[in-house]
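Listed below, chain by chain, are the residues.
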Amino acid sequence: MQDNDNSGKATNRSQRQYDVVVFGASSFVGQIVSRHLWLRQLGGTSFHWALAGRSLQRLEILQEQLGLGAEMLPLLLADAADIASLRQMVSQTRVLISTVGPYSLFGSLVVQACAECGTDYCDLTGEVPWVSRMLAAWSQTARESGARIVPSCGFDSVPSDMGVQFLQERALQRFQEPASRVQLQVRQIRGGFSGGTVASMLQVVQEAVADASVRRLLANPYALCAEAQECRQPQLTWPEMDKHSGQWMAPFVMAAINTRVVHRSNALQQWSYGEDFRYDEVLLTGSGLQGRLTAWAVTGAIAAFMSSAAVRPTRRLLERFVLPAPGEGPSAQEQETGGYQLVLWGMTASGRRIAVGVTGDRDPGYGSTAKILGEAALTLAFDVDRSQVPGGFWTPATALGTVFRQRLCQHAGMTFTDEV
């Protein structure tokens, strides 16, 4: 299969020098992704890969940190603001991992280069407006070049997207019908924020404040679907008691991206979850008075952050005195001791109930995300049949499927289990 790299030269994807390139390898999460891939290679997995970024010095420091033998890893220089350097980089690899965020500031030309050069792509974005813009701008180009573009391959939104797919598989096996109502409940989550994540969240808030169309997009549960649906979606805005578990529920801050990705998966699968499929995500805070107080505290904290981030003076104060700066994040110990436990319950149209569990063994935003992202790239490089998943914009569930779930269990510390 021949791909046009937009420079007048055709390159055969199978003959490219690298299977995977990590762009932004010296960033906070890029270093963790690179460490995961390096350990996978030391463990005997055979693939050709390279580290990429705009600073040779920082890439060389990363090589040294990875340890003996890493000095042989190729280093590629590219700048997120220089389309020529990006095309040169992506034309050498089958799959690009991008960790350069906020993506609305630094990611657009990277997607353009991959779409033009027929290079598969994955990232860890949670920026819905940016993903929507990339879909509109580069979907047709990606289809023509054969590039499979798969955003949100981290904690946003793999556990949600793959968890719903797993639950639906189980529902069809048991009941011969999908679950038309699904809720993800976060039972436990431990981990810290990094400056990169905070910067992305602040960027989305700034865009929403400045542009009414962005606010409308963020309010639309089908924002990433080509076809709008009219099924009203549940959304928890105030604490409520869950009648099944007896625990209090609070809004889950990541639901704004995860729900959109799950609905796009349903749309890409010809609405296999049902055209009346309803989905939401909540945080469980415990039972009794303590659970209720915690739920209200979480709800208040989210509201306070959003309102403060929307006003420039208070946003500046948050950035200066409260929030981690770009390049900062949870310590190695926090990454190791973090983790998450999710439960997804579903109800079929005939009233039959099903539940599955999803867990991860590291800090969700970084320790776990890095492993998920690395395995997503390896799945794209080696496991996904182009006749089944051609060029275009995909979600983790629709592009990577069952084989990705197996990789996550074997190499990324995740589990997908039936709940009794």
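Computed from a predicted structure; not experimentally measured.

Asks: How should I be thinking about the packing of aromatic side chains in this particular structure?
Replies: The relation between two aromatic rings is expressed through the spacing of the ring centres and the mutual angle of the planes. All chains considered together, the criterion is met by eight aromatic pairs. With a centroid separation of 6.1 Å and 40° between ring planes, the pair formed by Phe-47 and Trp-49 is classed as tilted. Among the residues examined, Phe-47 registers a relative accessible area of 2% and is labelled buried. Clustering of aromatic rings is evident, with ring pairs tying together Tyr-273, Phe-277 and Tyr-279. A cation over a ring is seen here: Arg-94 above Phe-382, with NZ or CZ 5.3 Å from the ring centre.

Asks: What exactly am I supposed to notice about unusual backbone geometry here?
Replies: Both trends apply: most residues other than glycine have a negative phi, and most peptide bonds are in trans. The linkage connecting Gly-101 with the following residue, Pro-102, adopts the cis geometry, with an omega of 0°. Summarising the element assignment, Pro-102 is placed in the loop between strand E6 (93-98) and helix H4 (103-106). Looking along the chain, the bond that leaves Asp-156 and enters Ser-157 is cis, with omega of 5°. Positionally, Ser-157 belongs in the loop between strand E8 (148-150) and helix H7 (158-175). Positive phi outside glycine occurs at Gln-176, with the angle close to 60°. Looking at where Gln-176 falls in the secondary structure, it is placed in the loop between H7 and strand E9 (179-190).

Asks: How should I be thinking about the state of the cysteines in this particular structure?
Replies: Two cysteines, two sulfur atoms, one covalent bond between them: this is a disulfide. Here the structure, examined in full by the defined rule, presents zero disulfides. The thiol sulfur of Cys-117 is not disulfide-bonded, and the nearest other cysteine sulfur, from Cys-114, lies at 7.5 Å. Overall, Cys-117 belongs to the buried group, its relative accessible area being 0%. Cys-225 carries a free sulfur, and the closest cysteine sulfur to it, the one in Cys-231, is 12 Å from it.

Asks: When you look at the pattern of salt bridges in this model, what are you seeing that I'm missing?
Replies: Using the criterion set out here, one finds 14 salt bridges in the structure. Put simply, Arg-405 and Glu-169 hold a salt bridge, and the shortest N to O gap is 2.7 Å. Pair noted here: Arg-405 is in helix H15 (residues 396-411) and Glu-169 is in helix H7, with a separation of 236 residues, a long-range link. According to the relative accessible area criterion, Glu-169 is partly exposed, its value standing at 23%. A salt bridge links Arg-407 to Asp-383; its shortest N-O distance comes to 2.6 Å. Of the two residues, Arg-407 is situated in helix H15 and Asp-383 in the loop between helix H14 (364-382) and strand E15 (392-393); the sequence distance between them amounts to 24 residues. Residue classification places Asp-383 among the partly exposed residues on the basis of a relative accessible area of 30%. Salt bridges linked by common partners bring Arg-40, Glu-375, Asp-383 and Arg-407 together as one network.

The rules we used
- Here, residues in each chain are numbered from 1, in the same order as that chain's written sequence.
- pLDDT decides what is reported in this predicted model: residues at 70 or higher carry local features, side-chain atom pairs at 80 or more are listed and counted, and totals for whole chains, interfaces and linings draw on all residues regardless.
- Only heavy atoms go into the side-chain values, all of them from the structure, while hydrogens and water stay out.
- Aromatic pairing here means that ring centres of Phe, Tyr or Trp (its six-membered ring) are within 6.5 Å. Orientation follows from the plane angle: under 30 degrees is stacked, over 60 is edge-to-face, and everything else is tilted.
- Residue exposure (1.4 Å probe, protein chains only): buried if accessible area is under 20% of the type maximum, exposed if over 50%, otherwise partly exposed.
- In this scheme, the term charge over a ring applies when either NZ of a lysine or CZ of an arginine sits within 6 Å of the ring centre and within 35 degrees of the ring normal.
- A run of DSSP states H or I qualifies as a helix once it reaches four residues; a run of E qualifies as a strand once it reaches two. Both are numbered from the N-terminal end.
- Pairs of cysteine sulfur atoms within 2.5 Å are identified as disulfides in what follows.
- Salt bridge criterion: a side-chain nitrogen from Lys or Arg within 4 Å of a carboxyl oxygen from Asp or Glu.

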